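Here's the letter readout for the chains.
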Amino acid sequence: SPLSRVFLPVSLMSVNVDEAHYTGQYGKQTTITVNNGKTTTNQTHTTYYYTEGFLPSAQYGINHPDMRVYAGYNQPASLVEDACPRIIHASSLTDFSKDKLEEGSQIDPFMLNAAVAQELVLERLQSNQESRAHSDIQSKHWTHLSRVSSINFKHDEIQMTHCMLPFYVLQYPGQPP
């Protein structure tokens, strides 16, 4: 069969973020018409004003795309570790064992080091909180122009689960694995 079942290692994380405080700016545009006697042009000028606010607490579970970290062979060797002994099989949430695999299944056996995976998730949380701050500024001030200068938030301990998720790969005869 051209379909191969491959189990890929994924770190699934969940975390609660407390209320966040941000500072930033929102922009208001004005357009003026300039006539120099020969031509008329419109010029747009943007003025930015200081703002700050609070974002409500948020929960990020394992179903949130920012909470999933796949670590395959595209990661530097210094950041991966053999993960098979400490992962679970996602479809049954039982301890993972190679003996439970269907015949013909393949395993991608590497996973990011837990500390590296958590660092990636924290970077994603920071970006997500900045996006939430932009949205808050834009909705408060009725503008599409916003800048976030700083954002401060605290979070609970990141809960991490390592899983092997099944994927199906279409592979034609003669094509490298």
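Keep in mind that this is a model prediction, so the values were computed, not measured.

Draft legend 1. Up close: the pattern of salt bridges. Under the defined criterion, the tally for this structure stands at one salt bridge. The shortest N-O distance in the salt bridge between D136 and K140 comes to 3.4 Å. You can see D136 and its partner K140 sitting in helix α1 (residues 114-141), four residues apart, about one turn around the helix. D136 gets classed as buried once you look at its relative accessible area, which sits at 18%.

Draft legend 2. Quick peek at the sheet that holds strand β11 (residues 146-152). What the three strands build is an open sheet, ordered β3-β2-β11; its pairing is antiparallel. Every other strand in the sheet has two partners, leaving β3 (40-55) and β11 as the edge strands with one partner each. Direction aside, the axes of adjacent strands within the sheet are offset by 15 degrees on average. Pairing geometry for strand β2 (residues 20-35) and β3, over 16 bridges, is antiparallel. When the bridges of β3 are listed, T31 appears paired with T44.

Draft legend 3. Expanded view of the nonpolar core. Core analysis: the biggest nonpolar cluster contains 19 residues, and M13, Y60, M67, L125 and I151 have the highest contact counts within it. Elements with a minimum of two residues in this core: β1 (3-17), β2, β4 (58-60) and α1. The biggest single contributor to this core is α1, with five residues. Setting aside chain neighbours within four positions, we find Y60 in contact with M13, S14, V15, V17, M67, L125, N128, Q129 and R132.

Draft legend 4. Local environment of the environment of H64. Position of H64 relative to the elements: it lies in the loop between β4 and β5 (68-70). Under the relative-accessibility criterion, H64 is labelled partly exposed at 23%. Remark: the alpha-carbon pair of H64 and L12, spanning 52 residues in sequence, is separated by 9.3 Å.

Thresholds, definitions, all that
- Residues numbered from 1 in each chain as written.
- Predicted model: local features only at pLDDT ≥ 70, side-chain atom pairs only at ≥ 80, totals over all residues.
- Heavy atoms only, no water.
- Salt bridge = Lys/Arg side-chain N within 4 Å of Asp/Glu carboxyl O.
- Helix = DSSP H or I, 4+ residues; strand = E, 2+ residues; numbered from the N terminus.
- Buried < 20%, exposed > 50% of the residue type's maximum accessible area, 1.4 Å probe, protein only.
- Pairing = 2+ DSSP bridges.
- Axes fitted to C-alpha atoms, helices over the stretch in contact; angles between N-to-C directions.
- Core = buried A, V, L, I, M, F, W, Y, C linked by side-chain atoms within 4.5 Å.
- Contact = heavy atoms within 4.5 Å.

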